[in-house]
Structures are given as structure tokens and as C-alpha cells.
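Overview (structure and organization)
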Amino acid sequence: VQLQASGGGAVQAGGSLRLSCEASGSTFSSYIMGWFRQAPGKEREFVAGISRSGGSTYYADSVKGRYTISRDNAKNTLYLQMNSLKAEDTAVFYCSTLYVGGGGWQHDSTVLYWGQGTQVTVSS
């Protein structure tokens, strides 16, 4: 599967952005999907995940209540709506396909494929 992320940009603190990730080359609806981010000098962080149907989601505590992950299987597209952005949200964001084991989203998620990143810059 190929993943193409878009929608990043520069925004002021308190603003919003919506990231998109278009999948091709395979059956999108068969994949659990996720968004990660990597800030300068920091490790890549798992911020949100969504089940194949969209009925189950996961959010890191750092983004809970501000980010919403969703998917449109008919359009082969994953989304991340980001509201109330903070300077600390500045990062390169990556979409991915995931395997989630019995240990759950936070402790047992493995990335299968990465998309290329899209830069999000939040100015305070």
C-alpha cells in the first residue's frame, strides 16, 4: 500500500488544520490506520489510531479532546482533524497502517507501512 499525506502547513496557536492521507495499491478498508508525529529532537509519537470500520479509535493523552481521527473507506482516505493547536503540536506528521495486538492500541501497535510526512508548524 502507498500512503500520501497532505494538509500540513503553518497556523497560529488556537487554529485548526485537517490532515489527509490517501491510500492506493491495496484495499484501504482492510487496514487499521494511525497517525504519528515527530517533533524536532524527539522520538516519533503515536497520536491517533482508527479501526478498519472506524468504530474504534485511540488518542494519546496529549491530543485527546483536540484531535479527531476519521476515515472514508469509499475514498481510501484517512483524516486527522486538529483543533486548538498549540506550539508543542509542531511536528512532522505521518500516516501509517498498523497491526494492533491483544495488548491494545497504546502498548501493542506495530507499524506495517509508513507514508511520507507532512509538516505542521504552530506559532504562538
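These remarks concern the structure in this document. (Residues numbered from 1 in each chain as written. Predicted model: local features only at pLDDT ≥ 70, side-chain atom pairs only at ≥ 80, totals over all residues. Heavy atoms only, no water.)

Description of the side chain of arginine 71
Looking at the element boundaries, arginine 71 is found in strand β7 (residues 67-72). For the buried arginine 71, no salt bridge is present, and the opposite-charge side chain at shortest range is aspartate 72, 8.3 Å distant. Within the structure, arginine 71 has its side chain in polar contact with the backbone oxygen of phenylalanine 28 (distance 2.9 Å). Of note is the side chain of arginine 71, whose polar atom sits 3.4 Å from the backbone oxygen of arginine 52. (Helix = DSSP H or I, 4+ residues; strand = E, 2+ residues; numbered from the N terminus. Buried < 20%, exposed > 50% of the residue type's maximum accessible area, 1.4 Å probe, protein only. Lys, Arg positive; Asp, Glu negative; His and termini not counted. Salt bridge = Lys/Arg side-chain N within 4 Å of Asp/Glu carboxyl O. Polar contact = N/O pair within 3.5 Å; in protein donor to acceptor, adjacent residues only side chain to side chain.)

Things to note about the side chain of threonine 90
As for its placement among the helices and strands, threonine 90 is situated in the loop between β8 (77-82) and β9 (91-100). Among the polar contacts made by the side chain of threonine 90, one reaches the main-chain carbonyl oxygen of alanine 87 at a distance of 2.9 Å. For threonine 90, the residues in contact, after removing those within four places along its chain, are Ala39, Pro40, Gln119, Val120, Thr121 and Val122. (Contact = heavy atoms within 4.5 Å.)

Side note on the packing of aromatic side chains
The full count for this structure, using the stated rule, is eight aromatic pairs. Measuring from centroid to centroid gives 6.4 Å for tyrosine 67 and phenylalanine 93, while their planes differ by 50°, and the two rings are tilted. Remark: phenylalanine 93 occurs in strand β9 and tyrosine 67 occurs in strand β7; sequence separation between them is 26 residues. You can call tyrosine 67 buried: its relative accessible area is 3%. (Phe/Tyr/Trp six-rings, centres within 6.5 Å; stacked < 30°, edge-to-face > 60°.)

Considerations on the pattern of salt bridges
Working definition: two side chains of opposite charge can pair if their charged atoms are close together. Applying the stated criterion across every chain yields a total of four salt bridges. Note that glutamate 45 is salt-bridged to arginine 37, the shortest N-O span being 2.9 Å. Assessed through its relative accessible area of 27%, glutamate 45 is described here as partly exposed. Judged by its relative accessible area of 7%, arginine 37 is buried. Between arginine 66 and aspartate 89 there is a salt bridge; the shortest N-O distance is 2.7 Å.

Such coordinate-based values are descriptive only and should not be taken to indicate function.
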